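Report on the structure
If you want the building blocks of each chain, they are given just below.
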Amino acid sequence: QVQLVESGGGLVQPGGSLRLSCAASGIIFSVKPMAWYRQAPGKQREFVARITNYGSLNYADSVKGRFTISRDNAKSTVYLRMTNLIPEDTAVYYCNTQQGPIDYWGQGTQVTVSS
């Protein structure tokens, strides 16, 4: 059974930083691309960042230069380092992977950027 468990969210002031973690189980983590998405209140879920199993990176334009995705295959964990946070980054952040045609999601972790 595939499980993704996010952690690391919280309340942060504008300009601050957070690191999100997503621990995966039930998959051969080292061969899986992993991604982060987010969903703000009243908006659709949107892509944030992706890392392939061989380390290729993709970012949404809105987070380029501020967010960094990385992975630790030994820990079956993917990270999202977020810096220079702005109020528009406020959302529930979700970890994602795929097994065949099926998308798997974690429960999400809330990030709130506010003074």
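Placed above this text is the structure.
Presented here is a report on the structure given in the accompanying data block. Note that the coordinates shown come from a computational prediction; the quantities given were computed from them, not determined experimentally.

**With respect to the sheet that holds strand E7 (residues 67–72)**
Taken in spatial order, the 4 strands line up as E1-E3-E8-E7 in an open sheet, and their pairing is antiparallel. Both edges of this open sheet fall to strand E1 (3–7) and E7, since each of them pairs with a single strand only. The average undirected angle you get between the axes of adjacent strands in this sheet is 15°. With 5 bridges joining them, E1 and strand E3 (residues 18–25) adopt antiparallel strand pairing. Bridged to Val5 within E3 is Ala23.

**Side note on the state of the cysteines**
Under the defined criterion, the tally for this structure stands at 1 disulfide. Bridging Cys22 to Cys95, the disulfide has an S-S length of 2.2 Å. Classification of the bridge connecting Cys22 and Cys95 rests on its S-S torsion, roughly -85°, and on that basis the disulfide is left-handed. Here Cys95 lies in strand E9 (residues 91–99) and Cys22 lies in strand E3, a separation of 73 residues in the sequence. Among the residues examined, Cys22 registers a relative accessible area of 0% and is labelled buried. Looking at Cys95, the relative accessible area reads 0%, which means it is buried.

Cut-offs used in this document
- Residues numbered from 1 in each chain as written.
- Predicted model: local features only at pLDDT ≥ 70, side-chain atom pairs only at ≥ 80, totals over all residues.
- Heavy atoms only, no water.
- Pairing = 2+ DSSP bridges.
- Helix = DSSP H or I, 4+ residues; strand = E, 2+ residues; numbered from the N terminus.
- Axes fitted to C-alpha atoms, helices over the stretch in contact; angles between N-to-C directions.
- Disulfide = S-S within 2.5 Å.
- Buried < 20%, exposed > 50% of the residue type's maximum accessible area, 1.4 Å probe, protein only.

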